[in-house]
Amino acid sequence: MRAFTYERAGDAKAAVKAAASTPGARFIAGGTNLLDLMKLEIETPAHLIDVSRLNMATIEATLDGGLRIGAATSNSTVAADPQVRARYPVLSQAIVAGGSPQLRNKASVGGNLLQRTRCAYFYDTSKPCNKRAPRTGCSALEGLNRNAAIFGATDHCIATHTSDMAVALTALGANVETLMPSGQSRTLPMLVLHRLPGETPEIETCLETGELITAVVLPPPPPGGQIYRKVRDRASYAGGLASVAVAGRQVALGMVAHKPWRASAVETALASGASPAEAIAVELEGASPLGRNDFKLPLVARLAAAAISEANGRGA
Amino acid sequence: MKTTIHVNGEARSLDLDPRTTLLDALREHLKLTGSKKGCDHGQCGACTVLVNGVRINSCLSLAVMHDGDAVTTIEGVGTPEHLHPIQTAFLTHDAYQCGYCTPGQICSTIGMLSELSAGAPSQETPPGAAPVLSDAEIRERMSGNICRCSAYPQIVAAIKDAAKVMA
């Protein structure tokens, strides 16, 4: 691990100010992904700003009937929260589908959203990777790309976003609250937070340098049932091959793109009377598999159709 | 950097390079070598300890971030003369072969049983239901602890037995 300096932020405003004015600074909360990558020298921050003890770990009802979850809340705490389990079960289910209990106890909500891809070439520092080392090439294009994206990828990067939690938040239409170095806060829809790779896959979000995620805000749950389904190579503690989150008529797919994928074509088709199977077929018309990940098409088709049917059978 | 951590009930003051993980602070600085370094990347669970009663991977945490925290390692769980019921159950059921993962398995079990009794969800239990300590539930909740000798059937049996004794 490269050497770095460390400070514990007194409050969020001091944290963003320090982050914007210190070259190579990064925030750390749970640290479960960042420290893993620092040990491999994939992440090499010069300075860490500890935001784990800021007053950002509460879960509270909002005036409009939604829920505001502080960004430093642990994943386990969110999954176990009585309001989350009663009104947003898809979020609880998605969280317990990810990582291990030990990781979920430590990992924060903000950090979960900003976790990096698990693409094998991002982790292999001996190989080119545009995301890790910009403009060196994408080794996955001709390599081990069984788990690559089927939506929105480019020749520059075919990696996927691997968060389960983010897929549920996307289906629920959540917003992310941030604090900018200027002291201004802003609200970003989940749909806007993450970027597609384009020609700059090293830029994964629209956050500015020093901008800190302070909370995730859920709108009131949409009418209808909710469900999260994930498919992976072993029954527990494994990254997903594909996942789907359903909240009423709102649907998001996971591990199929560089960001959580809101399945808007599915939603439009469902609204005009299509069956779940017909609706997901429309979405998949826009997919671009690469050969080794062709299996994701029938997998996503069956997974999404089953989950939408089950959620709507439960719902209403 | 000056850091004080309450380890197994005793305040321990250390002056650490910020890079030091909690695991390395325990093993290399405090000579508490019960917590094991397996993968050092949060994949195996051999380094599992309890921080303020909650199980975490000590390899994926910086020691300086634990100033003032209470850490329990296997050395604080029981002694050869006064074994914890989970330790007794692991012995009774021969729930290990090489033993390298065992301190992490036992610390993880302590955390897991308290999560279960608090009604924490898992993918084995639907969000609205109260979890019960079935074999499937134990396997799911202990999936962050790998045993390369594959003593899993005995580990499950030991945990079920220990939970009865502790109830």
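Residues numbered from 1 in each chain as written. Chains lettered and ligands numbered in written order. Predicted model: local features only at pLDDT ≥ 70, side-chain atom pairs only at ≥ 80, totals over all residues. Heavy atoms only, no water.

This paragraph deals with the domain arrangement of chain B. Residue and element names in this part refer to chain B. Domain boundaries assigned for chain B yield domain 1 (2–76) and domain 2 (85–166). Relative placement of domain 1 and domain 2: their C-alpha centres are 21 Å apart. Facing 16 residues of domain 1, the contacting portion of domain 2 comprises 17 residues. The contact between domain 1 and domain 2 buries some 1200 Å² in all, and 56% of this surface belongs to carbon and sulfur atoms. If you look at where domain 1 meets domain 2, you find one salt bridge. A salt bridge links Arg55 to Glu115, with the nearest nitrogen and oxygen atoms 2.7 Å apart. (Domains from an automatic or database assignment. Contact = heavy atoms within 4.5 Å. Buried area = accessible area lost by both parts, 1.4 Å probe. Salt bridge = Lys/Arg side-chain N within 4 Å of Asp/Glu carboxyl O.)

This part covers the sheet that holds strand S2 (residues 10–15) of chain B. All names here are of chain B. The five strands lie next to each other as S2-S1-S5-S3-S4, forming an open sheet whose pairing is mixed. Each having just a single partner strand, S2 and strand S4 (54–57) make up the two edges of the open sheet. Taken pair by pair, the neighbouring strands of this sheet meet at an average axis angle of 40 degrees, ignoring direction. Where strand S1 (residues 2–7) and S2 come together, six bridges link them in antiparallel fashion. (Pairing = 2+ DSSP bridges. Helix = DSSP H or I, 4+ residues; strand = E, 2+ residues; numbered from the N terminus. Axes fitted to C-alpha atoms, helices over the stretch in contact; angles between N-to-C directions.)

Moving on: the sheet that holds strand S2 (residues 25–28) of chain A. Residues and elements named next belong to chain A. Read across the sheet, three strands follow the order S1-S3-S2 without closing on themselves; strand pairing throughout is parallel. Strand pairing shows two members of the sheet lacking a second neighbour, strand S1 (5–8) and S2, which therefore form its edges. The mean inter-strand angle of the sheet, taken between neighbouring strand axes irrespective of direction, is 25 degrees. Of the strand pairs in this sheet, S1 and strand S3 (residues 47–50) are connected by four bridges, and their pairing is parallel. Counterpart to Glu7 in the pairing with S3 is Ile49. Across the face of the sheet, helix H1 (residues 12–21) comes into contact with S1, S2 and S3 while running at roughly 150 degrees to S2.

All names here are of chain A. Considering all chains together, one arrives at 22 salt bridges over all chains under this definition. In this structure, Glu60 and Arg68 form a salt bridge, with 3.8 Å as the shortest nitrogen-oxygen distance. Given the relative accessible area of 24%, Arg68 is considered partly exposed. Ionic pairing is found between Glu204 and Lys131, a salt bridge with its closest N-O pair at 2.8 Å. One end of the pair, Glu204, is in the loop between helix H10 (190–193) and strand S8 (212–218); the other, Lys131, is in the loop between helix H8 (120–123) and helix H9 (165–171), with 73 residues separating them in the sequence. In this structure, Glu204 and Lys131 share a single accessibility class: buried. Several salt bridges converge on common partners, so that one network encompasses Arg26, Glu43, Arg116, Lys131 and Glu204. (Buried < 20%, exposed > 50% of the residue type's maximum accessible area, 1.4 Å probe, protein only.)

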